[in-house]
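Summary of structural features
Letter by letter, the chains look like this.
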Amino acid sequence: MSLTTPTSIRTLQRKLYAKAKQEPAFRFYALYDKLYRADILSHAYERVRANRGAPGIDGVTFKAIEAGIGKDAYLARLREELEQKTYRADGVRRVWIPKPDGSERPLGIPTIRDRIVQMAFKLVVEPIFEADFCEHSYGFRPQRSAHDAIDAIAEALFRGHTQVIDADLSKYFDTIPHAKLMAVVAERIVDGPVLGLIRQWLKAPVIEEDEQGKRRPTGGKGNRRGTPQGGVASPLLANLYLHLLDRIWVRHDLERRLGARLVRYADDAVILCRHGTEKPMAVFTAVLEKLDLTLNVQKTHVVDARADGFDFLGFRIAWRTSRRSGKGYPHVEPSKRAEQRIKDRVTELTARRRTPVALRDMIGEVNQALRGWSGYFHYRNCSRVLGRVKTHAEERMRTQLRRRHKLQSRAQGYTRFPNAHVYDHLGLFKVPTTAGWTSAHASA
């Protein structure tokens, strides 16, 4: 869900952006009072609410707030805390999210109260740093998406940058050094209370519950590294720190000197090289060392895109030869892992054990999964993969209908429940199977 930013906030953002763009050395010193403006806190509340995140360590939900003291009173109290500088950040609830490779990644969930303040911070501060960010940075930025990063890679391949370093940073969010991050922030912001808020969020203890419900805090005031994934401000701060890498690449004209184009989406980076990968890799590694960051050697790959492909942001990118024209082109389609994940999800939602679930509810869940997945992956050379996903969804739904109606054979299923019935009568979402060359249906 997207919310239109009120005109008053847009005006402030444009002024901050223009000032930062016109004066690259200017340091902003009067921002804190903007954070607790009524219109900004109200919009921050609605933005956080629209994200539908889980409650933090205090267990407070938006439903409880609105059934209790109400939004207005809640924000009035939060505004008073900020204005009187009595606001203190709560601890961050840690949960573990499964990854496709079977491992887990930690997700930090701040309380709603902290997420609102972080969103207010983001609304005010983001335009300032946006004025500084480099063109080759695409992650977690307004008006930019993963598709833009994919297009930049395709363009570089067209231009002969076919030697690819697919880089992976080791536990980036967990290893960002606080002192160096705050030094980067201070290049633009010298407002003490704003810097104090950032320090609070960085130092907030991370609290994890075991199976018995016992809480175990880690981090806190002695913590000197990391920003929890899951916080509203974390992506901006993480992007800001890697801006140092971007800046070095631009200021030293490394794209021209090394023949190496950098494309970065948050902590995922690809370096596309024209004259070999040895020197670009050495420079890239040296810069990371200066930033106290580590390259994950096991997950970093060097490939020749003309001979092999690589995965980036869920897509498989490889150099192919057109059967029609005989010319080479960068072929971009959903990766095998991405394809398998949506198939597994549809299989899970239509499993035999879920036969008691109302058919309308089941189709609604399947549609939600398919819409979200195809909205992102209906891009460039996607037709074959989307066709396979479409067929899989049809077959799974038909199998579910056979069970419900106790039909023994697949032939009976096809006769009684043809595709027209599945789509037109039952309302299954029809996965688009035409190549999505010119439009992306959802930002990433």
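Right above here is the structure, for reference.
All of these numbers come straight from a predicted model, not from anything done at the bench.

1. Focus on empty space enclosed by the protein
In total, this model carries one cavity of 30 Å³ or more according to the counting rule given. In this structure, the largest cavity occupies an estimated 110 Å³ of space. Among the secondary structure elements, those contributing two or more residues to the lining of the largest cavity are helix H6 (112-130), helix H10 (192-203) and helix H11 (234-251). When its residues are assigned to classes, the lining of the largest cavity shows eight nonpolar, four polar and two charged.

2. Quick word on the packing of aromatic side chains
Under the counting rule described, the total for this entry stands at 12 aromatic pairs. Seen in terms of ring centroids, phenylalanine 121 and tryptophan 201 are 5.3 Å apart; in terms of plane orientation they differ by 75°. Their pairing is edge-to-face. In this pair, phenylalanine 121 sits in helix H6 while tryptophan 201 sits in helix H10, placing the two residues 80 residues apart along the sequence. Here phenylalanine 121 and tryptophan 201 have matching classes, each one buried. Between phenylalanine 158 and tryptophan 319, the aromatic rings sit 6.0 Å apart at their centres with planes inclined by 85°, giving edge-to-face as the arrangement. Here phenylalanine 158 is found in helix H7 (residues 146-158), whereas its partner tryptophan 319 is found in strand E10 (residues 315-321), with 161 residues between them in sequence. Each residue in the set Phe315, Trp373, Tyr376 and Phe377 is aromatic and connected to the rest through ring pairs, giving one cluster. Of note, arginine 306 hangs over the ring of tryptophan 319, and the distance from its end group to the ring centre comes to 4.7 Å. In this structure, lysine 430 packs its charged tip against the face of tyrosine 423, placed 4.9 Å from the ring centre.

3. Observations concerning the sheet that holds strand E3 (residues 163-168)
Across the sheet, which stays open at both edges, the four strands sit in the order E6-E7-E3-E8 with antiparallel pairing between neighbours. Because the sheet does not close on itself, it has two edges, and the strands there are strand E6 (260-265) and strand E8 (301-304). Between one strand axis and the next, the sheet turns by 20° as a mean value, whatever way the strands run. Bridge analysis of E3 against E8 gives four bridges, and the strand direction is antiparallel. Bridge pairing links aspartate 166 to histidine 301 in E8. Here H7 sits on the sheet and contacts E3, E6 and strand E7 (268-273); the angle it forms with E6, its principal contact strand, is near 165°. Strands in contact with H11 are E6 and E7; relative to E6, the strand with the most contacts, it is inclined by about 170°.

4. A few points about a positive patch on the surface
Side chains of Arg320, Arg323, Arg324 and Arg384 sit close together on the surface and give a patch of like positive charge. Considering the arrangement of structural elements, one finds arginine 320 in strand E10. Looking at arginine 320, the relative accessible area reads 34%, which means it is partly exposed.

5. Thoughts on the side chain of histidine 147
With respect to the helices, strands and loops of the structure, histidine 147 is situated in helix H7. For histidine 147, a relative accessible area of 2% puts it in the buried group. Within the local environment of histidine 147, its side chain forms a polar contact with the backbone oxygen of tyrosine 376, the two atoms lying 2.7 Å apart.

6. A word on the sheet that holds strand E11 (residues 328-334)
Hydrogen bonds between backbone groups are what pair the strands of a sheet, and the pairing can be parallel or antiparallel. One open sheet holds the three strands; their spatial order is E9-E10-E11, and the pairing between them is antiparallel. Two strands lie at the open edges of the sheet, namely strand E9 (310-312) and E11, each paired on one side alone. Between one strand and the next, the sheet's axes are offset by a mean angle of 35°, whatever the strand orientation. Judged from the seven bridges that link them, E10 and E11 form a sheet pairing that is antiparallel. Bridge assignment links isoleucine 317 to a residue of E11, and that residue is valine 332.

7. Section: unusual backbone geometry
Positive phi, normally seen in glycine, also occurs at lysine 171, with a value near 50°. Counting through the fold element by element, lysine 171 comes out in the loop between E3 and helix H8 (172-175). A residue is classified by how much of its surface remains accessible, and lysine 171, at 61% relative accessible area, is exposed. Not every positive phi belongs to a glycine, and aspartate 292 is a case in point at roughly 60°. Locating aspartate 292 in the fold gives a position in the loop between helix H13 (278-290) and E8.

8. Points about the packing of helix H1 (residues 7-22) against H6
Contact geometry for H1 and H6: axes closest at 7 Å, N-to-C directions at 30°. With respect to H6, the element H1 is oriented roughly parallel. Considering only the axes of H1 and H6, their crossing is right-handed. Contact with H1, carried on its side by Leu12, Gln13, Leu16, Tyr17 and Ala20, involves Leu123, Val124, Pro127, Ile128 and Glu130 of H6 and no other residues of that element. The residue inventory of the contact of H1 with H6, partitioned by class, reads eight nonpolar, one polar and one charged.

Reading the values: the criteria
- Residues numbered from 1 in each chain as written.
- Predicted model: local features only at pLDDT ≥ 70, side-chain atom pairs only at ≥ 80, totals over all residues.
- Heavy atoms only, no water.
- 1 Å grid on protein atoms, 1.4 Å probe; cavity = no way out; pocket = protein on both sides within 12 Å on 5 of 7 lines; lining within 4 Å.
- Points joined across faces, edges and corners; volume = space filled by probe spheres on them.
- Helix = DSSP H or I, 4+ residues; strand = E, 2+ residues; numbered from the N terminus.
- Nonpolar A, V, L, I, M, F, W, Y, C, P; charged D, E, K, R; others polar.
- Phe/Tyr/Trp six-rings, centres within 6.5 Å; stacked < 30°, edge-to-face > 60°.
- Buried < 20%, exposed > 50% of the residue type's maximum accessible area, 1.4 Å probe, protein only.
- Lys NZ or Arg CZ within 6 Å of the ring centre and 35° of its normal.
- Pairing = 2+ DSSP bridges.
- Axes fitted to C-alpha atoms, helices over the stretch in contact; angles between N-to-C directions.
- Contact = heavy atoms within 4.5 Å.
- Patch = residues over 30% accessible without salt bridge, like charges linked within 9 Å, V, L, I, M, F, W, Y side chains within 5 Å.
- Areas by Shrake-Rupley, 256 points an atom, 1.4 Å probe, with all protein chains shown as cover.
- Salt bridge = Lys/Arg side-chain N within 4 Å of Asp/Glu carboxyl O.
- Lys, Arg positive; Asp, Glu negative; His and termini not counted.
- Charge placed at Lys NZ, Arg CZ, Asp CG, Glu CD.
- Polar contact = N/O pair within 3.5 Å; in protein donor to acceptor, adjacent residues only side chain to side chain.
- Parallel < 35°, antiparallel > 145°, perpendicular 65-115°, else oblique.
- Left-handed = near helix turned anticlockwise from the far one by under 90°.

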